[in-house]
Amino acid sequence: MEFLVTMTTHVPGGTPDGAVDEIRAREAAHSRMLAAEGRLLRLWRPPLAPGEWRTLGLFAADDAEALETVLAAMPLRVWRTDEVTALAPHSNDPNPPVRGGAGAPEFFTEFTLPAQEAPEESFEKAVAGEAVRTRELAGQGHLVRLWALPQQPGVSRALGLWRAEDAAELQTILDALPLAPWLTVRTTPLTRHPNDPATASTTA
C-alpha cells in the first residue's frame, strides 16, 4: 500500500540550534535508509508560511500499522505530528511513471467528482475520454501518478501528481480534461525536499 503523510514539525522553544541540526542530520540519514529499503518513495515541501516546518511524504507499507512503525522510528518524530492518508490504486494511474521531465516543477491535484445517479451519455463519453487522455498525458511526462483517495458520501476523489513548466501550463492541461466540466480541482505546488529519494537517484 501507498500512503501520503503530512508531517508537521514544532521545535520546542529554547531548543539549541545545535540540537536541531543534529536531529535533522539523523533524519536525513534515516530517510536515505528508508528510501534504500523501498519504504520512503518521495518527499516534497508544500507552500509554507514563515517559520512553518511541514513536509509531504509518499511511503510504502503493508498496512497502516506497519507505516506507523516506520514513522515512529524517524528521528524528527519527537517534535512532529503526522497526518496519514491511505492511497488506493486508480484505474488511470500510469505506474510505473514514464521517465523524463524530472527537473520540471511538480504539483498535487485533488479531484472531486460528484456521484452521477443517472449518468448522461456525455458524462459516460467523458469518462472513457479521460482514460485515453490520462495515458497521453502520462506519455508526455505530465501525469506522473494518480491515486484514489478515501471516498466521501456523494463524491469520488482522486490525487494526481503532475509535472508542468508552471502553474499556468498545468491549468491549461486540467481545463482540457474530458471530465473538467464535472470536476472540482484543488492544486498544490510542490518543492523538492533535500532528502527526496528521487533527487538522490538522479544525482547519484
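Residues numbered from 1 in each chain as written. Predicted model: local features only at pLDDT ≥ 70, side-chain atom pairs only at ≥ 80, totals over all residues. Heavy atoms only, no water.

(A) Focus on the overall build of the protein. Regarding its fold elements, the protein presents five helices and eight strands. What you see in the protein, going N to C, is helices and strands ordered as β-α-β-β-α-β-β-α-β-β-α-β-α. For 204 residues, the compact-globule formula gives about 17 Å, and the C-alpha radius of gyration of the protein, at 18 Å, lands near that figure. Along the first, second and third principal axes, the C-alpha set of the protein runs to 65 × 35 × 35 Å. Within the span of the protein, comprising 204 residues, buried residues form 40% of the whole. Accessible surface computed for the protein: about 10,900 Å², of which carbon and sulfur atoms make up 55%. Distance between charge centroids for the protein: 5 Å, based on 18 positive and 27 negative side chains. (Helix = DSSP H or I, 4+ residues; strand = E, 2+ residues; numbered from the N terminus. Rg over C-alpha atoms; globule rule 2.2 N^0.38 Å. Buried < 20%, exposed > 50% of the residue type's maximum accessible area, 1.4 Å probe, protein only. Areas by Shrake-Rupley, 256 points an atom, 1.4 Å probe, with all protein chains shown as cover. Lys, Arg positive; Asp, Glu negative; His and termini not counted. Charge placed at Lys NZ, Arg CZ, Asp CG, Glu CD.)

(B) Seen up close, the side chain of Thr8. Within the fold, Thr8 resides in strand E1 (residues 2-9). Discounting residues that sit within four places of it in the chain, Thr8 has contacts with Trp53, Arg54, Trp79, Arg80 and Thr81. (Contact = heavy atoms within 4.5 Å.)

(C) Spotlight on the nonpolar core. The biggest cluster of nonpolar side chains holds 18 residues, and the ones touching the most others in it are Phe111, Leu137, Trp162, Leu170 and Leu174. At the level of elements, strand E5 (106-114), helix H3 (121-139), strand E6 (143-148), strand E7 (155-163) and helix H4 (167-175) are the ones that each hand at least two residues to this core. It is H3 that contributes the most residues to this core, four residues altogether. With sequence-adjacent residues up to four places away left out, Leu137 is seen in contact with His142, Leu143, Trp162, Ile173 and Leu177. (Core = buried A, V, L, I, M, F, W, Y, C linked by side-chain atoms within 4.5 Å.)

(D) Representation of the packing of aromatic side chains. This structure, assessed with the given rule, holds three aromatic pairs. With a centroid separation of 6.4 Å and an interplanar angle of 70 degrees, the aromatic rings of Phe111 and Trp162 are classed as edge-to-face. Residue Phe111 is found in strand E5, and its partner Trp162 is found in strand E7; the two are separated by 51 residues along the sequence. With relative accessibility at 1%, the residue Trp162 sits in the buried group. Aromatic side chains Phe123 and Trp182 sit 5.3 Å apart centroid to centroid with 80 degrees between the ring planes, which places their arrangement in the edge-to-face category. Here Phe123 is found in helix H3, whereas its partner Trp182 is found in the loop between H4 and strand E8 (184-192), with 59 residues between them in sequence. Its relative accessible area of 9% is what places Phe123 among the buried residues. (Phe/Tyr/Trp six-rings, centres within 6.5 Å; stacked < 30°, edge-to-face > 60°.)

(E) Layout of the sheet that holds strand E2 (residues 40-45). The antiparallel closed barrel is built from eight strands, whose spatial order is E1-E3-E2-E8-E5-E7-E6-E4. On average, each strand axis in the sheet is inclined to that of its neighbour by 35 degrees, with strand direction left out of account. Together, E2, strand E3 (54-60) and strand E4 (80-89) form the strand contacts of helix H1 (residues 17-36), whose direction differs from that of E2 by roughly 140 degrees. Along the sheet, H4 makes contact with E5, E7 and E8, crossing E5 at roughly 30 degrees. (Pairing = 2+ DSSP bridges. Axes fitted to C-alpha atoms, helices over the stretch in contact; angles between N-to-C directions.)

(F) Structural detail: the confidence of the model for the protein. Per-residue confidence for the protein averages 92 on the pLDDT scale, and 95% of its residues sit at or above 70. When pLDDT is averaged over each element of the protein, H4 comes out on top at 98 and helix H5 (residues 197-203) at the bottom at 67. (pLDDT = per-residue confidence, 0-100.)

(G) Geometry of H1. Here H1 spans 29 Å end to end across 20 residues, near enough to the 28 Å set by a 1.5 Å rise per residue. Taken residue by residue, H1 has Val20, Ile23, Glu27, Ala28, His30, Ser31 and Leu34 as its buried positions. Here the buried face of H1 lies against E2, E3, helix H2 (64-72) and E4. Two residues or fewer past H1, Gly38 is found with a positive phi of approximately 80 degrees. (Expected span 1.5 Å × (residues − 1).)

(H) Focus on the pairing of E1. With eight of its eight residues buried, E1 lies for the most part within the structure. Side chains Glu2, Leu4, Thr6 and Thr8 of E1 all project onto a buried face; the interleaved residues Phe3, Val5, Met7 and Thr9 project onto the opposite face, where all are buried too. As paired elements, E1 and E3 share seven bridges and run antiparallel to each other. Within the sheet, the bridge partner assigned to Val5 lies in E3 and is Gly57. In this structure, E1 lies alongside E4, joined through eight bridges in antiparallel fashion. Within E4, the position partnered with Glu2 by the bridge is Leu87.

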